[in-house]
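Each chain, letter by letter, is given below.
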Amino acid sequence: MQPTEINEVLNRPLSQELLARALTRLAYVAKDGTPRVVPIGYAWNGSEIVMCTVKNAPKLASLRRNPAVALTMDTEAHPPKILLVRGRAELDVVEGIPDEYLRGNGAYEMTPEQRAAWEAEVRSLYDGMVRIVVTPTWAKLIDFETTLPSAVEELIRRRDERDRT
């Protein structure tokens, strides 16, 4: 997929709404070769999806071995709205708490007091984190109104061909 095609998908208003959500599902290949999917907070900076995790997270060894990842941002209502993204994870070890972690977790409903207590706990616990940075290399938006999964599109095409004959 060409960068202009990726940008066209990611810049759609619905994609922007989905990119503003609090959680994504990160899929990767684990150390034992089996697939894993984990929910994780993230921040979209306009060109990259940035997730943050602790320095001793098991997923980091897997991502170092195989940086290919897939991400899903979606809604719970019918019809579902789904943004699918693929890319390669780049790992960036940082001291302190990355701004993306604080911003990404700011989407959760917290009172100002809860937010202050949460941030104080995070700052006391973590001496640093790892930023998992994904630049999209492929993207698809599915809204079940104007866009569909490719397999469903194929079924509709076949049905229409049958109906014409």
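A short tour of the structure in this document, coming up. (Residues numbered from 1 in each chain as written. Predicted model: local features only at pLDDT ≥ 70, side-chain atom pairs only at ≥ 80, totals over all residues. Heavy atoms only, no water.)

## A look at the sheet that holds strand β1 (residues 23–29)
If you trace the 7 strands from one edge of the open sheet to the other, you get β2-β1-β5-β6-β7-β4-β3, paired in antiparallel fashion. Two strands in the sheet have a free side with no partner beyond their single neighbour: β2 (35–41) and β3 (43–44). For strand β5 (residues 68–74) and strand β6 (residues 82–95), the ladder comprises 7 bridges, and the chain directions are antiparallel. The partner of aspartate 74 across the bridge, within β6, is isoleucine 82. Of the strands in this sheet, β3, β6 and β7 (128–142) touch helix α1 (residues 3–10), which is tilted by about 90 degrees from β7. (Pairing = 2+ DSSP bridges. Helix = DSSP H or I, 4+ residues; strand = E, 2+ residues; numbered from the N terminus. Contact = heavy atoms within 4.5 Å. Axes fitted to C-alpha atoms, helices over the stretch in contact; angles between N-to-C directions.)

## Section: the pattern of salt bridges
Using the criterion set out here, one finds 14 salt bridges in the structure. Between lysine 81 and glutamate 145 there is a salt bridge, with the nearest N and O atoms lying 3.3 Å from each other. Note that lysine 81 is positioned in the loop between β5 and β6 and glutamate 145 in the loop between β7 and α6 (150–164), a separation of 64 residues in sequence. The class of lysine 81 is buried, set by a relative accessible area of 16%. With its nearest N and O atoms 3.0 Å apart, the salt bridge here joins glutamate 119 to arginine 123. Of this pair, glutamate 119 and arginine 123 both sit in helix α5 (residues 112–125), separated by 4 residues, roughly a single helical turn. (Salt bridge = Lys/Arg side-chain N within 4 Å of Asp/Glu carboxyl O. Buried < 20%, exposed > 50% of the residue type's maximum accessible area, 1.4 Å probe, protein only.)

## Observations regarding helix α3 (residues 58–65)
Since one α-helical turn is 3.6 residues long, residues separated by three or four positions face the same way. Of all the residues in α3, the buried ones are Lys59, Leu60, Ser62 and Leu63. Buried residues of α3, seen end-on, are gathered within an arc of 165 degrees and therefore sit on one face of the element. Facing away from the buried side of α3 by more than 90 degrees, the exposed set consists of Pro58, Arg64 and Arg65. (Arc of directions from axis to C-beta.)

## Looking at the packing of aromatic side chains
Between two aromatic rings, the relevant description is the distance of the centres plus the angle of the planes. One pass over the structure, following the stated rule, counts 2 aromatic pairs. Centre to centre, the rings of tyrosine 101 and tryptophan 118 are 5.8 Å apart; their planes meet at 25 degrees, and the pair counts as stacked. Residue tyrosine 101 is found in helix α4 (residues 99–104), and its partner tryptophan 118 is found in helix α5; the two are separated by 17 residues along the sequence. Look at tyrosine 101 and tyrosine 126: their rings are 6.3 Å apart centre to centre, the planes differ by 80 degrees, and that puts the pair in the edge-to-face class. In this pair, tyrosine 101 is assigned in helix α4 and tyrosine 126 in the loop between α5 and β7, connecting sequence segments 25 residues apart. For tyrosine 126, a relative accessible area of 21% gives the class partly exposed. By the ring-pair criterion, three or more aromatic residues cluster together here, those being Tyr101, Trp118 and Tyr126. (Phe/Tyr/Trp six-rings, centres within 6.5 Å; stacked < 30°, edge-to-face > 60°.)

## Describing the nonpolar core
Counting residues in each nonpolar core, the largest one holds 27 residues, and the members touching the most others are Leu10, Ile49, Met51, Leu71, Met73 and Leu83. Elements supplying a minimum of two residues to this core: α1, α2 (13–19), β1, β4 (49–53), α3, β5, β6 and β7. Sort the elements by how many residues they give to this core and β7 lands first, with 5 residues. Contacts of leucine 83, omitting those with residues within four sequence positions, involve Val9, Leu10, Ser15, Leu18, Leu19, Leu71, Thr72, Met73, Lys140 and Leu141. Membership of the second largest hydrophobic core comes to 9 residues, among which are Val50, Cys52, Met129 and Val133. (Core = buried A, V, L, I, M, F, W, Y, C linked by side-chain atoms within 4.5 Å.)

## Quick word on unusual backbone geometry
A cis amide bond links histidine 78 to the next residue, proline 79, at an omega of -5 degrees. Along the chain, proline 79 turns up in the loop between β5 and β6. With a phi angle near 60 degrees, phenylalanine 144 is a residue other than glycine that sits in the positive phi range. Mapped onto the elements of the fold, phenylalanine 144 is located in the loop between β7 and α6.

## Describing the pairing of β4
In terms of residue burial, β4 counts as a mostly covered element, since 5 of its 5 residues are buried. What you see with β4 is no split at all: Ile49, Met51 and Thr53 on one side and Val50 and Cys52 on the other are buried throughout. As judged from the 2 bridges shared by β3 and β4, these two strands associate in the antiparallel manner. Note that in β4 the partner of tryptophan 44 across the bridge is isoleucine 49. Hairpin connection between β3 and β4: a loop of 4 residues separates the two successive antiparallel strands, and glycine 46 in this loop has a positive phi of roughly 100 degrees. Note that β4 and β7 share 5 bridges and pair antiparallel. Residue cysteine 52 lies in a different strand from β7, and its bridge partner there is arginine 131.

That is the geometry; function is a separate question.
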